[in-house]
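Here are the chains, one letter per residue:
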Amino acid sequence: MRKRDSERLRLGGVRDIESLYELYDEADLPAAERMRRDDGTPPGTRGRLTQQARARLAQEREAASDDGPPEGDHWSTWGDADERGPEPYPSWLVTALAAVDYELGVLKTGKEADVFLLERALPGTDQACLMAAKRYRSGDHRLFHRDAGYLEGRRVRASREMRAMESRTHFGRNLIAQRWAVAEFAALRELWAAGAPVPYPVQRIGTELLLEFIGDADGTAAPRLVQLRPDPHELGDLWRQLIEALVILARRGQTHGDLSAYNLLVHGGELVLIDLPQLVDVVANPQGRAFLHRDVRAVCAWFVSRGLPGHVADPDAVAALLLGEARLG
Ligand SMILES: Nc1ncnc2c1ncn2[C@@H]1O[C@H](COP(=O)(O)OP(=O)(O)O)[C@@H](O)[C@H]1O
Ligand SMILES: [Mg+2]
């Protein structure tokens, strides 16, 4: 148990989470989170283990490995998740609680979040999967301050929470990071369930999301769209996939909110949308249309720069199409 406690501390003050949850006004939670709670489980208890299950787990783990996980790695955190991805769980996902999480390295460090490569594998078997661990930082959140407009359509009622965030105490900064993690996990759950091309959201613990790794089995991450120089046929195909994805969002009344050739990955010819904490409700957000236009302009510019004809990647036409799909036309 001691080891697990120290793991939790290492994962960025996750021990604060229960108290953080008390600050959440139900009305502030994204719809998916509220729905999850409507099944009668008290907040924060879903996904946690009963005493009995813990005892069984301890036995399983002992059977799986005599010495515990190797130094620097830790038992799978699946059983400790604050929330998990939609069921049915994908067949590639390792859900055995006796599995071990291996940190394989950094995919990208950024100002708001760091992304790591993680392998979850059951010792002594061939069950293994790769995941991207996106850890929101408790530091200075440019995104939050610069783009406070994103939050306009969402109500922030708990004034204690607002004060904590404004005072920029460690607690307040962690709360901001946690809000973004909660928002991104909810967005990914919803979009995954709606059939949009996004990484499967495996679990969230506090400020850390584990996502389906988009890349090769050897751990090579998929390139961002911005790095590619597709031939005309591939370019046309990626364009078609992009429009299809944006239509799925638009029909839900949503736009990405930070769309660019940096937040699109391409793996095996397939386009994947990532980086969704600021998913915008085009209807409820007073700046919703402006965000949609900005998203569309950013991607159209990239496609035109790679040779797609301007009359095809025409921002006005695409925005009109999407607003029509969102019934805002
Ligand atoms: N699921 C994933 N699979 C593979 N690589 C990922 C995944 N999620 C993120 N990355 C990598 O990490 C980078 C940063 O992730 P992103 O979600 O865009 O966070 P941010 O831009 O806020 O730092 C991405 O550009 C991509 O290279
Ligand atoms: Mg990004």
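Scroll up to find the structure.
Residues numbered from 1 in each chain as written. Chains lettered and ligands numbered in written order. Predicted model: local features only at pLDDT ≥ 70, side-chain atom pairs only at ≥ 80, totals over all residues. Heavy atoms only, no water.

(A) Structural context of the nonpolar core. Formed by 51 residues in total, the largest nonpolar core has its most connected members in L225, W239, L242, L264, F303 and L322. Mapped by element, the contributors of at least two residues to this core are α6 (159-167), α7 (170-193), β7 (208-212), α8 (232-251), β9 (264-267), β10 (270-273), α9 (288-305) and α10 (315-325). Among the elements that take part in this core, α8 stands out by supplying 10 residues, more than any other. The contact partners of W239, leaving out residues within four places of it in the chain, are C300, F303, L308, V312, A313 and V318. Counting 16 residues, the second-largest nonpolar core is a separate cluster that includes L97, C129, M131 and A133. (Core = buried A, V, L, I, M, F, W, Y, C linked by side-chain atoms within 4.5 Å. Buried < 20%, exposed > 50% of the residue type's maximum accessible area, 1.4 Å probe, protein only. Helix = DSSP H or I, 4+ residues; strand = E, 2+ residues; numbered from the N terminus. Contact = heavy atoms within 4.5 Å.)

(B) Region of the structure containing the packing of aromatic side chains. Applying the stated criterion across every chain, the model contains 5 aromatic pairs. Geometrically, the ring pair formed by W192 and Y200 is edge-to-face, given 5.0 Å between the ring centres and 75° between the ring planes. One aromatic cluster is present, formed by W92, W192 and Y200 through successive ring pairs. In this arrangement the basic side chain of R84 is found over the ring face of W78, its NZ or CZ atom lying 4.4 Å from the centre. (Phe/Tyr/Trp six-rings, centres within 6.5 Å; stacked < 30°, edge-to-face > 60°. Lys NZ or Arg CZ within 6 Å of the ring centre and 35° of its normal.)

(C) Examining unusual backbone geometry more closely. Residue P88 is reached from E87 by a cis peptide bond, and omega for that bond is 0°. The residue P88 is located in the loop between β2 (83-84) and β3 (100-109) in this model. Residues other than glycine seldom take positive phi values, yet D275 does so here, at roughly 65°. Looking at the secondary structure, you find D275 in the loop between β10 and β11 (280-281).

(D) Just α8, in detail. Across its 20 residues, α8 extends 28 Å between first and last C-alpha, which sits within 8% of the 28 Å expected from 1.5 Å per residue. Buried residues of α8: L235, L238, W239, Q241, L242, I243, A245, L246, V247, L249 and A250, and no others. Measuring from the side-chain oxygen of the N-cap residue of α8 to the backbone nitrogen of H233 gives 3.0 Å; that N-cap residue is D231. In the stretch just after α8, G253 is the one whose phi turns positive, near 75°. (Expected span 1.5 Å × (residues − 1). Polar contact = N/O pair within 3.5 Å; in protein donor to acceptor, adjacent residues only side chain to side chain.)

(E) How the structure looks around α7. With 24 residues, α7 ought to run about 34 Å at 1.5 Å a step, and its terminal C-alpha atoms sit 35 Å apart, in line with that. Most of α7 is tucked away: 17 of the 24 residues are buried.

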